Amino acid sequence: FLAGLRRLVDRRPELRDRLRVEFIGWLSGHNRALAERVRADDRLREIVTFTGFVPRAEALRRLARADAALHLLADEPGKELFVAGKLFDYLALDLPILAAIPPGDVRAILRDLDWGIVVDPSEEGIEEGVERILDGGRAGRRADPEGREHRVGLAARVAELRDDGARGAE
């Protein structure tokens, strides 16, 4: 992500004045090292911050104030099946989503909802996706107007499947 972002601001330096990226959440040792490199990088220092862990309520407040949300997923075996809970928070807030993800379940959800900008998890994909988010603005509609991917609706569907399975076992 950071390499793609750097490519974009090198090509379009005027974006440095309007672009801010905040990573919220636990940082592994590898990610802490990345954060230190960003702090030393003149091109990204003013753009990218690493906040670290905050309580969920605070993370959601910050997210609600954001212009867009970022969903990153490495292109590794098995990742096509992984759907992070944060995706549903993004959808519930109707945030434009930049999803740099491999083909799989998250792409299918976003495609079914016709929501977000989906790019390959590569430097070029990130560069293109961030630029499209910045140039696109907010959609004039809800992300999931029918509530198909809302946590309450998903929980109800799981309960129905459980009940159907229990009836079939009788």
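Residues numbered from 1 in each chain as written. Predicted model: local features only at pLDDT ≥ 70, side-chain atom pairs only at ≥ 80, totals over all residues. Heavy atoms only, no water.

Caption draft 1: Expanded view of the overall build of the protein. Scanning the protein from N- to C-terminus turns up seven helices and five strands. Listing the helices and strands of the protein from first to last along the sequence gives α-β-α-β-α-β-α-β-α-β-α-α. Expressed as a percentage of its 170 residues, the buried residues of the protein come to 36%. Pairs at least 24 apart in sequence give 64% of the contacts found in the protein among residues at least 6 apart. (Helix = DSSP H or I, 4+ residues; strand = E, 2+ residues; numbered from the N terminus. Buried < 20%, exposed > 50% of the residue type's maximum accessible area, 1.4 Å probe, protein only. Contact = heavy atoms within 4.5 Å.)

Caption draft 2: Molecular detail of the packing of aromatic side chains. Within this structure, the stated rule accounts for two aromatic pairs. Centre to centre, the rings of Phe23 and Phe50 are 5.1 Å apart; their planes meet at 15 degrees, and the pair counts as stacked. Residue Phe23 is found in strand β1 (residues 21-24), and its partner Phe50 is found in strand β2 (residues 48-52); the two are separated by 27 residues along the sequence. When sorted by exposure, Phe23 lands in the same class as Phe50, which is buried. Here a set of aromatic residues connected by ring pairs shows up, and it is made of Phe1, Phe23 and Phe50. (Phe/Tyr/Trp six-rings, centres within 6.5 Å; stacked < 30°, edge-to-face > 60°.)

Caption draft 3: View of the nonpolar core. The biggest cluster of nonpolar side chains holds 24 residues, and the ones touching the most others in it are Leu5, Leu19, Val48, Phe50 and Val130. Of all the secondary-structure elements, those providing two or more residues to this core are α1 (2-11), β1, α2 (29-39), β2, β4 (97-100), β5 (117-119) and α6 (123-136). Discounting chain neighbours no more than four positions away, the residues touching Leu19 are Leu5, Val9, Ile47, Val130 and Leu134. Within the second largest apolar cluster, 17 residues are counted, among which are Ala69, Leu91, Ile109 and Leu113. (Core = buried A, V, L, I, M, F, W, Y, C linked by side-chain atoms within 4.5 Å.)

Caption draft 4: Inspection of α6 at higher detail. Compared with an ideal rise of 1.5 Å per residue, which puts 14 residues at 20 Å, α6 spans 20 Å between its outermost C-alpha atoms and is within 8% of the ideal. Taken together, the buried positions of α6 are Gly125, Ile126, Glu127, Gly129, Val130, Glu131, Ile133 and Leu134. Residues of α6 that are buried in the fold lie against α1, β3 (69-72), β4 and β5. (Expected span 1.5 Å × (residues − 1).)

Caption draft 5: Examining α1 more closely. Taken together, the buried positions of α1 are occupied by Leu2, Gly4, Leu5, Leu8 and Val9. Seen along its axis, α1 keeps its buried residues to an arc of 160 degrees; they face one direction. Summarising the contacts, the buried residues of α1 are in contact with β1, α2, β2 and α6. (Arc of directions from axis to C-beta.)

Caption draft 6: View of unusual backbone geometry. Positioned with a positive phi, Asp94 is a non-glycine residue whose angle comes to about 60 degrees. Topologically, Asp94 is positioned in the loop between α4 (86-92) and β4. Its relative accessible area of 17% is what places Asp94 among the buried residues.

Caption draft 7: Main features of the pattern of salt bridges. Counted according to the given criterion, the structure contains 22 salt bridges. For the salt bridge of Asp10 with Arg16, the shortest nitrogen-to-oxygen distance reads 3.7 Å. Of the residues examined, Arg16 reaches a relative accessible area of 29% and is grouped as partly exposed. Taken together, the shared-partner salt bridges in this structure form one network comprising Arg7, Arg11, Arg12, Glu14, Glu123, Glu124, Glu127, Glu131 and Asp135. (Salt bridge = Lys/Arg side-chain N within 4 Å of Asp/Glu carboxyl O.)

Caption draft 8: Seen up close, the sheet that holds β5. As summarised here, the arrangement of the three strands in space is β3-β4-β5, forming an open sheet in which the pairing is parallel. At either end of the open sheet lies a strand with only one pairing partner, and these are β3 and β5. Between one strand and the next, the sheet's axes are offset by a mean angle of 15 degrees, whatever the strand orientation. Two strands pair when backbone bridges link them, and β3 and β4 are joined in this way by four bridges, in the parallel orientation. Bridge pairing links Leu70 to Leu98 in β4. Seen against the sheet, helix α5 (residues 105-113) touches β3, β4 and β5 and runs at an angle of roughly 150 degrees to β5. Across the sheet, α6 is in contact with β3, β4 and β5; its angle to β5 comes to roughly 170 degrees. (Pairing = 2+ DSSP bridges. Axes fitted to C-alpha atoms, helices over the stretch in contact; angles between N-to-C directions.)

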